[in-house]
Structure formats: C-alpha cells, structure tokens
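# Structural overview for review
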Amino acid sequence: MFAVCWAGPGGRAVPAAVSALVPRCWAGPGGRAVPAAVSALVPRCWAGRFHWRSALLLSPGPLPAGGRQAPFSTTCVRCSKNRRLRQKRAISERKLTRYFVDHRKVRVVGGQGGAGGHSFHSEPRKVFGGPDGGNGGDGGHVILKADQQMKSLSSVLPFYQGFNGERGGRKNCYGANGAYVYVKVPVGTLVKEDGEVVADLTRHGEEYVAAYGGAGGKGNRFFLSNENRAPTLFTPGEPGQERVLHLELKTTAHAGLVGFPNAGKSSLLRAISNAKPAVAAYPFTTLNPHVGVICYQDYEQVAVADIPGLIKGAHQNRGLGMAFLRHIERCRFLLYVVDLSVSQPWIQLQDLKYELEQYKKGLSERPSVVIGNKIDLAESRLNLPLLREQIDERVIALSALTGDNLEELFLHLRELYDAYVKTEQ
C-alpha cells in the first residue's frame, strides 16, 4: 500500500485501500479528492480557487499518527511542466533597425547650485550670536559613461538635467551637493559640439563631463568681517552649464567586412563567429552593423564587424548612404568580400576602394585582404585565377556556405591582429 501526501488546505487523508484502487490527486480548498481518471483527461495545474491541480505524490511509507502528513509539494511527475529557461527570441533585422540608433542629439543642463543660508545664531543668554548661515551645495554634473553592455544610442533621452544643490542651513551647515546624473552610452561614442569633436569614448568605463553643475551660493557667515559684524547679505546658487551635444556611434572592431550587397558578408560572419545576422537571397538584408568575436586557443579575441552593403555612389549618400561608412573608420584592417560568381569580380574591388577613398582620404590604404567568396560554384573557380592576375593583393578563396578554406582566413586574421598589436605597442 502507498500513502497519499496532501499539499493543500484541509489536509484530509484518503484511506490507503481507496487510493490503491482509485489513485487520487489533491485538488484545492476543502480537501476534495479528484479521481486520477479526471485529472488524466484534464491535466491542469492549480492556479486559483476554481482550477484543478493534480498533486498526487506517492511515498513508500505509512501515514504518521493522526492520519496526516506535512505538505511538501503541489505537483506530480505526470503534470510537471518543462522548467527550462526560455530562450530569447531573435529580433528580425527590420525590428532591430528601430532599436539600433547610431546618432542622437542631446541637450544637457547641469544642476542649479543651492542658495546660501541667511540666519543668526540664537542661544539663551547670548544676545549677539553672529551670522551662522552656511553655503549652498553645488549642483550635480551630467556625465557620459561608456558601457560595453550598451549596443545602441536608442536608450539615450533627448534631455538630461543634473540634480540641484540644497540650500545652506543654520549653524554653519552647508547644503548637500546635487547627485550626478550618469548617461550610459556604447563604447565607441563620439561627442561633438558645433561640429567639433570634444570627446571620444573608446574604452569601457571612460567618462566625460557633459555639463558641470553650478556652484553653491555663499551664506551670510561668509561675509562676516571686522567692518560688518552682522551681515545680511547672501548669494543665490549659480545655474548649471547648458550644452547641446551630438552623439555618434562608431562600431569598434578590429576588422571590418566591406563588400557589395549579397556578397556573402553576413554568411561569412556567421561561419567564423557566434554572431547571427540575417541572411537572405535579396540585397540589403543587413540593415545594421553586427559584430562577431573570433576566439583563438591562446585566449586572444579578434572582433569582426559586418558593415551593411555599399553600392556605387555611397559617398554621395546613395543606397544606405554614409550612415554606416562611419563604422569603417574604427576598423584597423579591412576584409574586402568579393563575389567570385559574377563576371569581372576585380571591378567590385576597385569600386569599393574608390567609395572608401572618397569618404575619407587614406581609408582604403589600411591593411587589408581580399576574400573571394562562393568558391563552391563553378563560375567562381573560373574567375579566381583571373582575379589574381588583375590585383596584386593576397586573395583568400573560401565558401561561407560550406566552410571551405576558413582556416586560411583565421590564420591571416591573426597575422593582421598581431601586426596591429605590435604597432600599438
């Protein structure tokens, strides 16, 4: 025989002989027992007063004295649900466009300083106590702080103001300073004012004071002198600094994938890293930059950015325009992704370098390598020797779809990264 363990109000026990014939589950208030046949048809969990919850737990032991047992569970194996963590739903590229913001106009105002105190000391049997008004507290600053957890400027509000300082008190008490307001921005944020760069936040935890708070006013104690023994003068707090700043986000990565639409940049990033950019058979699938990280056995990490596709006239704001050309400026070396299946693939390389040079002089002269993608196609194998004859740079032929020759890309990426590290040192 088995004993029935109850897990609800009432704690009524069912005889073991009955439970052996008809297994029952505890259902809810009042100690009512529900036949297992009913719970098998409708296996619901108790979620309120009028819902059944099967809670039959059989334990190989007799009931304690009194016919009751302490409740310890409200579920049974048959009705238990899968308690795995829910995976985060992948955001589509079009929805990600609404969340990804790489430029923002912000108005920042520092906190107002607290006014100085105006009071005189009052104490029994002390008629002329003198002034004792304290100074006011300083206003709080507005500080921009780079945070590696932030990926976009979408959470940055258009207006921020620091907290005001408190007024000076009696007995020479100073007013409390206003609290600072921290604005988290992604790493790689560029701060501009009137078209001039005033700050470049390229490291995690780096801070920039966007607006200083006003100084606190002076209390009448400050103006005490031999000529004026009972000053009544006090000053108000100064207003905080007010500025209008333009924030621009430039993706920080070691390498940048540059190519025309449908050249296979997103597929290549998915093949070499854990990044999951959208991949489809139509142009401009990638509407936002994506960054993937390549991990080597010696724990070195190389960040690779997938820049949205460029077309002819991108420097003239055609296609996606110059909105994403700024992200290439941060890349230390470039990976030109060329589609080998098209005729004359070397023309793509010439057009890409021309657009980069027109956008910023010297950008196309950075260390680079040419990646010939889609080598698994027959047309690509025919165009590969022609491409190598037309250009002097190294060409790495691979297939992002099948993974052919990805090892050569990994090795060359590490060589470019080591050369960059030596240059920085």
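Residues numbered from 1 in each chain as written. Predicted model: local features only at pLDDT ≥ 70, side-chain atom pairs only at ≥ 80, totals over all residues. Heavy atoms only, no water.

### Notes on the overall build of the protein
We count it as follows: Helix and strand labels come from DSSP, where a helix needs a run of H or I of at least four residues and a strand needs a run of E of at least two; each type is numbered from the N terminus. Throughout this description, buried means an accessible area under 20% of the type-specific maximum (1.4 Å probe, protein chains only), exposed means over 50%, and partly exposed covers the range between. Two residues qualify as a contact provided that any one of their heavy atoms is within 4.5 Å of a heavy atom in the partner residue.
The secondary structure content of the protein amounts to seven helices and 18 strands. Evaluated residue by residue, the protein yields a buried proportion of 44% over its 425 residues. In the protein, 68% of the contacts between residues at least 6 apart in sequence involve partners at least 24 apart.

### A word on the packing of aromatic side chains
Quick note on the threshold: Any two of the Phe, Tyr and Trp rings considered here, Trp counted by its six-membered ring, make a pair once their centres fall within 6.5 Å; the pair's planes then place it as stacked at under 30 degrees, edge-to-face at over 60, or tilted in between. Think of it as a cone above the ring: NZ of Lys or CZ of Arg counts as a charge over the ring if it is within 6 Å of the ring centre and within 35 degrees of the ring normal.
All told, the structure shown has one aromatic pair when counted by the stated rule. Look at Phe 222 and Phe 223: their rings are 5.3 Å apart centre to centre, the planes differ by 90 degrees, and that puts the pair in the edge-to-face class. For Phe 223, a relative accessible area of 24% corresponds to the partly exposed category. Just above the ring of Tyr 182 sits the side chain of Lys 145; from NZ or CZ to the centre is 5.9 Å. Stacked on the ring of Tyr 296, the Lys or Arg Arg 414 has its end atom at 5.2 Å from the ring centre.

### A word on unusual backbone geometry
With a phi angle near 60 degrees, Lys 171 is a residue other than glycine that sits in the positive phi range. With respect to the helices and strands, the residue Lys 171 is situated in the loop between β7 (159–161) and β8 (181–186).

### Here we look at helix α7 (residues 406–424)
Where we set the bar: Residue count minus one, scaled by 1.5 Å, sets the expected span of a helix.
In a regular helix each residue adds 1.5 Å, so 19 residues correspond to 27 Å; α7 covers 27 Å between its end C-alpha atoms and thus fits that length. Of the residues making up α7, those classed as buried are Leu 406, Leu 409, His 412, Leu 413, Arg 414, Leu 416 and Tyr 417.

### So, the sheet that holds strand β11 (residues 207–211)
Which entries qualify depends on this criterion: A strand pair is defined by DSSP finding two or more bridges across the two strands. For every element, the axis is a line fit to its C-alpha atoms; helices are fit only across the contacting stretch, and the angle between N-to-C directions ranges from 0 to 180 degrees.
Sheet architecture is open: three strands sit in the order β8-β6-β11, paired in mixed fashion. Taken across any chain shown, the strands that pair with only one partner, and hence form the sheet edges, are β8 and β11. Strand after strand, the sheet turns through a mean of 30 degrees between neighbouring axes, direction not considered. Of the pairings in the sheet, the one linking strand β6 (residues 142–147) to β11 comprises four bridges and is antiparallel in character. Bridge assignment links Ile 143 to a residue of β11, and that residue is Val 209.

### What to know about the nonpolar core
Nonpolar side chains in soluble globular proteins tend to be buried together. Formally: As used here, the term nonpolar core means buried Ala, Val, Leu, Ile, Met, Phe, Trp, Tyr and Cys residues forming a set that is joined through side-chain atoms within 4.5 Å.
Among the nonpolar cores identified, the biggest contains 26 residues, and Val 258, Leu 310, Ile 328, Leu 334, Tyr 336, Leu 356 and Ile 391 are the most heavily contacted of them. When residues in this core are grouped by element, the largest group, four residues, is from helix α5 (residues 346–359). Counting residues in each nonpolar core, the second largest holds 24 residues, with Ala 263, Phe 333, Leu 398 and Leu 409 among its members.

### A look at the sheet that holds strand β16 (residues 333–339)
Strands sit in the order β14-β15-β13-β16-β17-β18 across an open sheet of six strands; the sheet is mixed. Looking at which strands have only one partner, the edges of the open sheet turn out to be β14 (290–295) and β18 (395–397). Neighbour to neighbour, the strand axes of the sheet diverge by 25 degrees on average, direction disregarded. Sheet topology places β14 next to strand β15 (residues 301–306); six bridges connect them, and they run antiparallel. In the sheet register, Val 291 faces β15, and the bridge partner there is Ala 305. Set on the sheet, α7 makes contact with β13 (255–259), β14, β15, β16, β17 (368–373) and β18; between it and β16 the angle comes to about 155 degrees.

### Concerning the side chain of His 412
Looking at where His 412 falls in the secondary structure, it is placed in helix α7. Among residues more than four places away in sequence, those in contact with His 412 are Val 369, Arg 394 and Ile 396.

### Concerning the confidence of the model for the protein
Here is the rule we go by: Residue-level confidence of the predictor, termed pLDDT, takes values from 0 up to 100.
The predicted model of the protein averages 76 in pLDDT, with 71% of residues at 70 or higher. Segment residues 37–61 is flagged for pLDDT under 50; beyond a separation of four residues in sequence, or across chains, it makes 59 contacts in the model. Low confidence marks residues 79–85, where pLDDT is under 50. Its contacts with residues over four positions away, or in another chain, come to five contacts.

### Overview of the packing of helix α4 (residues 265–272) against α7
Inclusion rule: The scheme is simple: roughly parallel for angles under 35 degrees, roughly antiparallel for over 145, roughly perpendicular for 65 to 115, oblique for anything else. In this classification, the charged set is Asp, Glu, Lys and Arg, the nonpolar set is Ala, Val, Leu, Ile, Met, Phe, Trp, Tyr, Cys and Pro, and all remaining amino acids, among them Gly, are polar.
Where α4 meets α7, the axes come as close as 11 Å, and the angle between the chain directions of the two elements is 80 degrees. Classified by the interaxial angle, the pair formed by α4 and α7 is roughly perpendicular. Residues Leu 268, Ala 271 and Ile 272 of α4 form the contact with α7, whose participating residues are Leu 406, Leu 409 and Phe 410. Looking at the contact of α4 with α7, its residues break down into six nonpolar, no polar and no charged.

### Concerning the pattern of salt bridges
Opposite charge on two side chains makes pairing possible when the charged atoms of those side chains draw close. Going by this rule: When a carboxyl oxygen of Asp or Glu lies within 4 Å of a side-chain nitrogen of Lys or Arg, that pair is called a salt bridge.
Scanning the model with the defined rule gives nine salt bridges in all. Between Lys 184 and Asp 147 there is a salt bridge, with the nearest N and O atoms lying 3.8 Å from each other. With Lys 184 in strand β8 and Asp 147 in strand β6, the pair connects residues that are 37 residues apart, well separated along the chain. In this structure Asp 147 comes out as buried when scored by relative accessible area, which is 12%. Close ionic contact of Arg 243 with Glu 193 constitutes a salt bridge, the shortest N to O distance being 2.6 Å. In this pair, Arg 243 sits in strand β12 (residues 242–249) while Glu 193 sits in strand β9 (residues 189–193), placing the two residues 50 residues apart along the sequence. Here the salt bridges share partners, and the residues they tie into one network are Asp 298, Arg 414 and Asp 418.

### Considerations on the environment of Arg 221
Its place among the elements puts Arg 221 in the loop between β11 and β12. Classification of Arg 221 as partly exposed rests on a relative accessible area of 40%. For the pair Arg 221 and Leu 233, spaced twelve residues apart in sequence, the C-alpha to C-alpha distance is 8.9 Å.

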